[in-house]
Every structure is written in structure tokens, then in C-alpha cells.
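# Close look at the chain arrangement
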Amino acid sequence: MPRITLPDGSVKEFESAVTARQVAESIGSRLAQAAVGCLVDGELSDLSVVLDRDCTLSIVTEKTREGEADANALYLLRHSTAHVMAEAIQRVVPGALLVYGPPLDTGFYYDIAFPEDRPLKEGDFEAIEAEMTKIVREDRPFTRYEMEYGAGIAKLNKEGNKFKIDNAHRAHEAGSLTLSWYATGEPGKDWEDLCRGPHLPSTGRIGAFKVMSLASSYWHGDENSDRLTRVYGTAFYSKKDLDAYLTRIEEAKKRDHRVLGKKLHLFHIDETVGQGLILWTQRGSIVRKELQKFIAAELEKQGYSEVFTPHIGKLDLYRTSGHFPYYADSQFPPLVDRDHMQQLSDEGCTCAQLSNNLKVGEIEGFMLKPMNCPHHIKIFGSRQYSYRDLPVRLAEFGTVYRWEQSGELNGMTRVRGFTQDDAHLFCTPEQVGQEVLGCLSLVKIIFDVLGMKDYRVRVGLRDPDSAKYTGDPANWDKAEAACREAAKSLGVPFSEEPGEAAFYGPKIDFVVKDVIGREWQLGTVQVDYNLPERFDLGYIGPDNQRHRPVMIHRAPFGSMERFCGVLIEHFAGAFPLWLSPEQIRVLPISEKSNDYAREVVGKLTAAGLRATLDDSDNRVQGKIKAGAEMKIPYLLVVGPRDAENRAVSVRAFGEEKDLGQMPLEDFVAAAGEEYRTKGKVTVRDRMPAGV
RNA sequence: GCCGCUGUAGCUCAGUGGUAGAGCGCACCCUUGGUAAGGGUGAGGUCGCGGGUUCAAAUCCCGCCAGCGGCUCCA
């Protein structure tokens, strides 16, 4: 006699076991028709699930009561569409072995091992989609059946798909006593897949779908294991929703910093210079310089000292720090000492010998610095400090070079040479908490001024199973506790993630998403007890004894390259006045107003504003269009009427109509104010009343 | 690094074996125009690089380089 509690609190009692579908029918035929699945005691299940005990039940339909897409309904849809796609793929490419096909936030994928002589190509998508359409039209039910584990394994062994056998083993290890299959139709007759479920009632519920892309993946995410082909797709309940999703992707692409970087002439990557090496153009450099000025001013307020260090350092430095040879794979190869190089070349040294001799230290050379800390450590170590001098805070816009895998490089967000807004703080153990907090608040100031609200905070801890971390576990525990405490006091949600620590210490990262949803780490604060140890740093304490300082590494932007890339997308290229490479463009109505326009530009420039003149022989409409394309904050239209009043007609970016006329002197003052206050006060605030 | 896709003018792209195209931009000329493109003329390309097949290659094949999507990695 199962008693079933519905979401409204009402209870339905049944004589014997019922399926969720039957319960839905007992509530109403419309609900039963709309139902795609259910939640039993909160767990997403098939509509065919048998309810033989008391439980709570919520019927899942395509839309929530508020009329929005239901996340659970989308999950079912996409999981089911993955099955349909897999069946279609096996029709198109016989011999393709299924591995694993889960739903995602925006779709689904299926990892598949294709025969070596028949890889899947994008050209196959059309055929796959055609087969999928057929399967959907056939409206075949997703039919679940279970087998006891032993019998199930026997079945799988007979079928011989090692990937599915492995999935079954894993399910068993996770405590599953049975294995379940889903047949798309009738078990034993139609296509089926080992799967935990749940699924839609039938393929006919799939409204609209698309096979999106191909990628390679590794079995179990292990690069030494089998290489699989990952086929991505997406599905929605309606064609309209699918189209809206595809349009959204297209729109997002227009905000992509790589697209805008070209269009707005912000940066350039030249394959002759090298992959992952950013050339900051005139315009992009202005954005970067403004950001650097901004942070330098904050650093001055917070008691930092600026330092400058070179781009290279001797290998021994990095042997001490632990960068070399341990991280040699992710560094540019060493620059071998000239004399050594000559000698080796005379002796006919092989590459392997060279490499080995570099590792063991028989050959000296230099390295492009992968991090700034060793140089800063040497500055700290160059004189004696008393505890009264601490914290010592050394800041530098330091350029570092890392050998990122070619497949990883991405516009400005993942590059091989980049400049960190770096600093290293040397403090007493007692000062750690307060210094970390100071660093975090700096990151927050920056994010606030730029209006970046959409970020998450990650506390990166060490992975207890990995050997890549250096240093004493007791120190790690202290550092991790300090980070956790600091993150707590920040007052924003954060996640603790084992395995995300730096090799020398735990860290607190600020992570944002780009336009296509990829996450990038920007600001970071890292506590480090290890490098001071490795470099035997010390300060004299109140007890007249030598003590070990603690180091904090921090970079509120992370890197200028990545930050600017993300910032371009954040503003969709329409920078606020203070950051904009071209703040104001003056558009004379005709040649007759060029002289006055030049005078206007002169006044703006004299006031420290970045102003230009458009004296092309376009009409003013054309000049406005051109200015809008470049996303210039203010366009000043000037004609005889303005010249007569010594005024300008102001048009702000993004406004349909112009803001009206304003005395030239007032505009210069107002724009200057907007620049200095970073937009707290704008020209619009200073427009004459009535506009 | 792995799999797939892409690479043609400064930019965006068309061009399925027969001597390379469009729009925007650029230069010049006409136009002197008051709020999201007035008109004309012209310059500009060893079709990513190197091999091969062919009478003939932007086009077909092989290798490399670079970009894109994902995987893996990210001190």
C-alpha cells in the first residue's frame, strides 16, 4: 500500500505497487502526457519506475510551473538523445564501440572508439542526423531491463566491448548489485546500451537536436590510455529553443576577444613571431597601460615596493627553486652558456648528452624565467631584514615564459609569454593571515572597479596522492588552513579543490568564464612555506635569532594578457572611457568645420584625453557608423552651429540618439572628470538639464 | 601532445582540375552633406609552406606550419 506524497503535500494511496506513469495518469491525463520523467524521493527516474514503497514523487515535465525549461527534463532529453545518436552512429559506422555518453549543461557527448580505418569525420554528421531523425520518428520507447551482476557481466563479456565491461566493473565497485540496459524499443530486438538511466519515455519526445562537433578524448581521462573520439551534440524540446541556443552561440562569438582583438586592433599574434606570443598593438597597449597605472596606484597605497628584474636567470637558480629540471617539460629549453655550447659542438655532443648534462648540472646555462619568484627571493636575500622591516612587499610587472602545449594555446588567455602583475610578500608567520587578506581585498577592488561580478573563488589544495608537491606536510597544513581562513573571511562562496595547488603551496584563485563558457584563472594569492626553505631565507626576530619568513605570491590580474582578453569579452570591446584606446573622436559635419574640429581635438588632447579627428570626406552618418564600429565612448559632431556657440554635439556609445549640445569647455571638464573617476561621474551627468 | 575542422586581398568570405572573385577597408576624384555607410575610379593576392599526381592544381594526394573546438596539461 504505497503512500505517495506529491509536491503540493497531498498524499495518494494505492492498493499495490504502481508506476510513476500511473500516478501521473491518476492526477490527470494532461500531466501524464506532458510527463518525461519523475523525481522519486528527489532522485531522477524513469516514468516507468515501479513505486512499491512510501515515497515522495514529483512528475518532471518539459517546463516548470513558471514556464521555464526544466533542468531535469533537459537532462533526460539529452541523455536520451545521446543514445539515439549512438545508435545512428553505429548504423553509419559499423564496428564503432560505445564507451560513455553523459549529458552536459548545454548538450551531451558520446565517447566512441572507432575502427582505425574508419574514423568519424564531420562529413558524417548529415548521415547521422538523418538516421537520428528516423529513430525519433519511429517513436520507440526507452525500455529498461536489469540483470543480476554476474549474468550481466557474462552478457557483456560475450559482446566483447571492453569499455562497457569496464563501466560495469566500476558500477559494481560503486556498490551496484545489478546492471541495467536501455533498449530503444524492445529488449532483445532493438538497439540497446548498458546504461544507468534514466531516460525519456520514448524517442518521439525528442524535439530538436544537432550533432555539434568532434574531439578526441582519453579513456578515463588518461593520456596513456586509449584515444577515443568524443562526439558532441545538443538537444532541445523545440526547434525554436535549439535555434535560440545556436543564435546565442553566434552572438557570443562576436564578443570573443580574438574576434574583437582583430576588429578593434588591440593585439596581434604572428606566426612568424611565434605561437602564443602576443604583440600588443598601439591600441591594446593603451588598455594595458591604463590597467597597470591603476594597479600601480593601489600598490603604492598598500606599501609595496616596485622592483625590476631580467627575463632570464641561471639554471642553478631554478635548480634551487625546483623549477628545473622538474618542470622542464613546461619551460622553454635552457639557453646554454656560450663557451659550453662551443665546446660541446666541437666535441660532437648529442642532444641526449646535452640534456642530461644540463640536468645533472655539469653544463651551466640560463633559463627564460617561468616565474618571477626566484628573482624576487634573491632581492629579499640580498640584505638582512629585521622583523621590524616585515612585511617586505616586492612588486613587478614581470614577464615570464612557459612552454604550453600547442593544443592549449588560445588567443590572449593561454599564451607562452606573459606579464604577471606579480608581487612577493615576505612576512613573519604571524602576519600571513592579515597579508593574505590584504591581497584578496586588492583583487576585490580591481574586480569591483571593472564591474566584474561573475567570478568564483577557488581554494586550491594539494592532492594527497600526488608527488609533485615540495615541502613539509606540516607547513602545507598550516598554509592550507591560512588560505581557507582567508577565503572564509572574504565573504563570498568558495570551493575547496584538491589537486589545484601550486607545487610550492596552496592558493586562492579568482576564476571567470569566457564567452564560450571556458573557465580561466585570473587573480591568485598563494601561501608558500617552501621556497623560503629552499633558498634558506631568514630575518632577525625580536629574540635576536634567525627566523624563516613566509612568502606570499600574488597577482590580482593574474597576467596582463589573460586579464585583458577576459576584459575585452567582459566589455564586449566597448571599454569605459578610462580604458578606451580612443576616448573621443571629433566628427566635423563638412570640411568647412575642420578647423573648429581641430581646435576641439587640441583642447581635449591638452586636457590629457585621447581624442582624434575624423576628417575623411565621409558624410557625418558615415563617420558615426565608423566611430560606432570602433566602439568609441564619445563621438563629438561639430558643425557651423557648434562652432558658433563654441559647443559640441555629444553622442555616447550605445545610445540610439545623441545626448545634445554642450559647451566645449564643459565637455572637456566633464570628460576629464569621467576619466579621473573611472566612470563614477560621466559626461551624461554633466549634460545641461533638460536633455 | 591527441582527434576533427579550417587556412584565398588589411578584414569577412565565395570559388569541385582549365590563366583568381565579392563586400568592407585603403588611395584618388566628385560630392560640402547635421546624427548608424552619398557616388565614381583605382591599387592590392607566389590561394599557409614544401613535395607529388596531371597537358593543366586554390581545387586531388603526402608531409609540415598555423588557427579553431574539445581532451590532456597548466609551477
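Let me sum up the structure you'll find in this document.

### Structural notes on the overall build of chain A
Within chain A, the regular secondary structure consists of 21 helices and 34 strands. With the principal axes as the frame, chain A shows a C-alpha extent of 85 × 75 × 55 Å. In chain A, which comprises 691 residues, the proportion classed as buried is 50%. Expressed as a percentage of contacts within chain A between residues at least 6 apart in sequence, the contacts between residues at least 24 apart total 68%.

### What to know about the pattern of salt bridges
Summed over the entire model, instances satisfying the criterion amount to 50 salt bridges. The residue Asp-226 makes a salt bridge to Lys-162 at a minimum N-O spacing of 2.9 Å. Highlighted residues: Asp-226 in the loop between strand S13 (208–218) and strand S14 (227–236) and Lys-162 in helix H6 (residues 162–173), separated in sequence by 64 residues. By relative accessible area, Asp-226 is classed as partly exposed at 26%. Glu-561 serves as the salt-bridge partner of Arg-288, at 3.6 Å between the closest nitrogen and oxygen. Residue Arg-288 is found in helix H9 (residues 282–301), and its partner Glu-561 is found in helix H17 (residues 560–570); the two are separated by 273 residues along the sequence. What you see here is one network of salt bridges that share partners, running through Glu-87, Arg-91, Glu-131, Lys-134, Glu-138 and Arg-140.

### Side note on the pairing of strand S21 (residues 392–401)
Of all ten residues in S21, nine are buried; the element is thus mostly enclosed. For strand S17 (residues 305–306) and S21, the ladder comprises two bridges, and the chain directions are parallel. Across the sheet, Glu-306 pairs through a bridge with Ala-395, a residue of S21. As paired elements, S21 and strand S22 (residues 417–427) share ten bridges and run antiparallel to each other. Residue pairing in the sheet places Val-392 in a bridge with Phe-426 of S22.

### Points about the packing of aromatic side chains
For the structure on display, the rule yields 20 aromatic pairs. Note on Phe-236 and Tyr-245: the rings are 5.3 Å apart at their centroids and 40 degrees apart in plane angle, and the pair reads as tilted. Taking relative accessible area as the criterion, Tyr-245 reaches 12% and is therefore assigned buried. Where Phe-380 meets Phe-426, the ring centres are 4.3 Å apart and the plane angle is 10 degrees; that geometry is what we call stacked. Here Phe-380 is found in helix H13 (residues 373–380), whereas its partner Phe-426 is found in strand S22, with 46 residues between them in sequence. Taken individually, Phe-380 and Phe-426 each receive the classification buried, so the pair is uniform in this respect. Ring pairs connect the aromatic residues Phe-447, Tyr-455, Phe-510, Phe-557 and Phe-563, which therefore count as one cluster.

### Quick word on the pairing of strand S26 (residues 519–528)
Taking burial as the measure, the ten residues of S26 include nine buried ones, the bulk of the element. Bridging between strand S25 (residues 507–513) and S26 involves six bridges; their strand directions are antiparallel. For Lys-507, the partnering residue across the bridge sits in S26 and is Gln-526. The hairpin formed by S25 and S26 contains five residues between the paired strands, and Gly-517 there has a positive phi angle of roughly 85 degrees. Inspection of the sheet shows S26 paired to strand S29 (residues 550–555) by five bridges, in the antiparallel sense. Directly across from Gln-526, in S29, lies its bridge partner His-553.

### Some remarks on the nonpolar core
Leu-291, Leu-450 and Phe-667 are the most contacted members of the largest nonpolar core, which has 92 residues in total. For this core, the element with the most residues is helix H14 (residues 432–449), which contributes eight residues. Setting aside residues no more than four positions away along its own chain, Leu-291 makes contact with Leu-450, Phe-557, Met-560, Phe-563, Cys-564, Leu-567, Trp-578 and Leu-579. The next biggest cluster of nonpolar side chains, apart from the first, holds 38 residues, and it includes Ala-96, Leu-120, Met-132 and Phe-209.

### Comments concerning the state of the cysteines
Think of a disulfide as a covalent bridge from one cysteine sulfur atom to another cysteine sulfur atom. For the structure shown, the criterion picks out zero disulfides. The thiol of Cys-55 is unpaired, and the distance to the nearest cysteine sulfur, on Cys-38, comes to 8.5 Å. There is no disulfide at Cys-439, and the cysteine sulfur nearest it, in Cys-427, is 8.9 Å away.

### Some details on the environment of Pro-542
For Pro-542, the location among the structural elements is in the loop between strand S27 (539–540) and strand S28 (546–547). Under the relative-accessibility criterion, Pro-542 is labelled exposed at 66%. Separated by 156 residues in the primary sequence, Pro-542 and Ser-386 have C-alpha atoms spaced 8.2 Å apart.

### Quick notes on H13
Of all eight residues that make up H13, six are buried, and the element is covered over most of its length. Lining the buried residues of H13 we find strand S18 (312–314), helix H10 (315–321), S21, S22, helix H16 (530–534) and S29.

### Digging into the sheet that holds strand S20 (residues 365–368)
Read across the open sheet, the three strands follow the order S18-S20-S19; overall the sheet is antiparallel. Edge positions in the sheet fall to S18 and strand S19 (335–336), since each has one partner strand and no second.

About the cut-offs
- Residues numbered from 1 in each chain as written.
- Chains lettered and ligands numbered in written order.
- Predicted model: local features only at pLDDT ≥ 70, side-chain atom pairs only at ≥ 80, totals over all residues.
- Heavy atoms only, no water.
- Helix = DSSP H or I, 4+ residues; strand = E, 2+ residues; numbered from the N terminus.
- Buried < 20%, exposed > 50% of the residue type's maximum accessible area, 1.4 Å probe, protein only.
- Contact = heavy atoms within 4.5 Å.
- Salt bridge = Lys/Arg side-chain N within 4 Å of Asp/Glu carboxyl O.
- Pairing = 2+ DSSP bridges.
- Phe/Tyr/Trp six-rings, centres within 6.5 Å; stacked < 30°, edge-to-face > 60°.
- Core = buried A, V, L, I, M, F, W, Y, C linked by side-chain atoms within 4.5 Å.
- Disulfide = S-S within 2.5 Å.

Everything listed is a geometric property; what it means functionally is a separate question.
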